[in-house]
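# Architecture at a glance
What follows is each chain in one-letter form.
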Amino acid sequence: MRPLRVREAMTHAPHVCHPAQSVHDCARMMAERGVGALPVHENGAVVGMITDRDIAVRAVAARKGHDTPVREVMTTEVLCCSEEQDLDHVAARMAAARVRRVPVLDRAGRLVGILSLSDVVLKHDPETAALTVWAVSKPGGPHSQSCGE
């Protein structure tokens, strides 16, 4: 059986926001679309991710206003993957970095999708999916992300 590629599991054409947009605008977009994160896109590149947790912890808990630009609260170190990569490999990287969502880039470096933990669970074998969920869900500890392989 051939390994699954990321492109076979990802959500295509994800919604994005711009770093100058307000946290209010991004929170509203998340609510309307039923998502917990948006890639932050500028000049054709992913420059960050904004999550519902970023908004709650870095904006609301820090008493920042609803008009605060996303760039002030977004996560700037983002784990990215290629649509051509094996899903197994990317699931292992998500588990190691303890991230729930990964922007997916094409060969030219353009954003073409997003791979979420739920995408991995729905498309992967149950054992690998369970191990990925377990690793990502462990409490505590900082994580670091980068767009490098």
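Cut-offs and rules
- Residues numbered from 1 in each chain as written.
- Predicted model: local features only at pLDDT ≥ 70, side-chain atom pairs only at ≥ 80, totals over all residues.
- Heavy atoms only, no water.
- Core = buried A, V, L, I, M, F, W, Y, C linked by side-chain atoms within 4.5 Å.
- Buried < 20%, exposed > 50% of the residue type's maximum accessible area, 1.4 Å probe, protein only.
- Helix = DSSP H or I, 4+ residues; strand = E, 2+ residues; numbered from the N terminus.
- Salt bridge = Lys/Arg side-chain N within 4 Å of Asp/Glu carboxyl O.
- Pairing = 2+ DSSP bridges.
- Contact = heavy atoms within 4.5 Å.
- Axes fitted to C-alpha atoms, helices over the stretch in contact; angles between N-to-C directions.
- Left-handed = near helix turned anticlockwise from the far one by under 90°.
- Nonpolar A, V, L, I, M, F, W, Y, C, P; charged D, E, K, R; others polar.
- pLDDT = per-residue confidence, 0-100.

## Re the nonpolar core
Counting 15 residues, the largest nonpolar core has Val 6, Met 94 and Leu 115 as the members making the most contacts within it. If you list the elements that add at least two residues to this core, you get α3 (87-97) and β5 (101-105). Tallying contributions element by element places α3 first for this core, with 5 residues.

## Comments concerning the side chain of Asp 54
Tracing the sequence through the fold places Asp 54 in helix α2 (residues 52-60). The class for Asp 54 is buried, based on a relative accessible area of 6%.

## A look at the environment of Arg 2
As for its placement among the helices and strands, Arg 2 is situated in the segment before β1 (11-12). Classification of Arg 2 as exposed rests on a relative accessible area of 55%. Between the C-alpha atoms of Arg 2 and Asp 86, which are 84 residues apart in sequence, the distance is 9.7 Å.

## Details of the pattern of salt bridges
A full pass over the atoms with the stated rule returns 8 salt bridges. Where Arg 7 meets Glu 84, a salt bridge forms, and the shortest distance between an N and an O atom there is 2.7 Å. Of this pair, Arg 7 sits in the segment before β1 while Glu 84 sits in the loop between β4 (81-82) and α3, and the two are 77 residues apart along the sequence. Note on Glu 84: relative accessible area 28%, which makes it partly exposed.

## So, the sheet that holds β4
Across a sheet, strands are paired by hydrogen bonds formed along the backbone, either parallel or antiparallel in direction. Taken together, the 4 strands give an open sheet; going across it, the order is β1-β6-β5-β4, and neighbouring strands pair in mixed fashion. Unpaired on one side and paired on the other, β1 and β4 mark the two borders of the sheet. Relative to strand β6 (residues 111-116), β1 runs antiparallel, the two being bridged by 2 bridges. Paired with His 12 across the two strands is Gly 113, which belongs to β6. Each of β4, β5 and β6 touches α3; the most contacted strand, β6, lies at about 65° to it.

## Notes on the pairing of strand β3 (residues 45-51)
Of all the 7 residues making up β3, 5 are buried; the element is thus mostly covered by neighbouring parts of the structure. The pairing of strand β2 (residues 37-42) with β3 spans 6 bridges and is classified as antiparallel. Within β3, the residue paired with Leu 38 across the bridge is Ile 50. The antiparallel pairing of β2 with β3 creates a hairpin that spans 2 residues between the two strands, and Asn 43 there sits at a positive phi of about 50°.

## Re the packing of helix α1 (residues 23-33) against α2
It is at 10 Å that the axes of α1 and α2 come closest, and there the two elements cross at 145°. In the crossing of α1 with α2, the sense of the turn from one axis to the other is left-handed. Mapping the contact onto sequence places Val 23, Ala 27 and Met 30 in α1 and Asp 52, Ile 55 and Ala 59 in α2. Of the residues in the contact of α1 with α2, the class split is 5 nonpolar, no polar and 1 charged.

## Section: the confidence of the model for the chain
With 87% of its residues at a pLDDT of 70 or more, the chain shows a mean pLDDT of 87. When mean pLDDT is taken per element in the chain, β4 scores highest with 96 and helix α5 (residues 126-137) scores lowest with 70. Low confidence marks residues 142-149, where pLDDT is under 50. Its contacts with residues over four positions away, or in another chain, come to 18 contacts.

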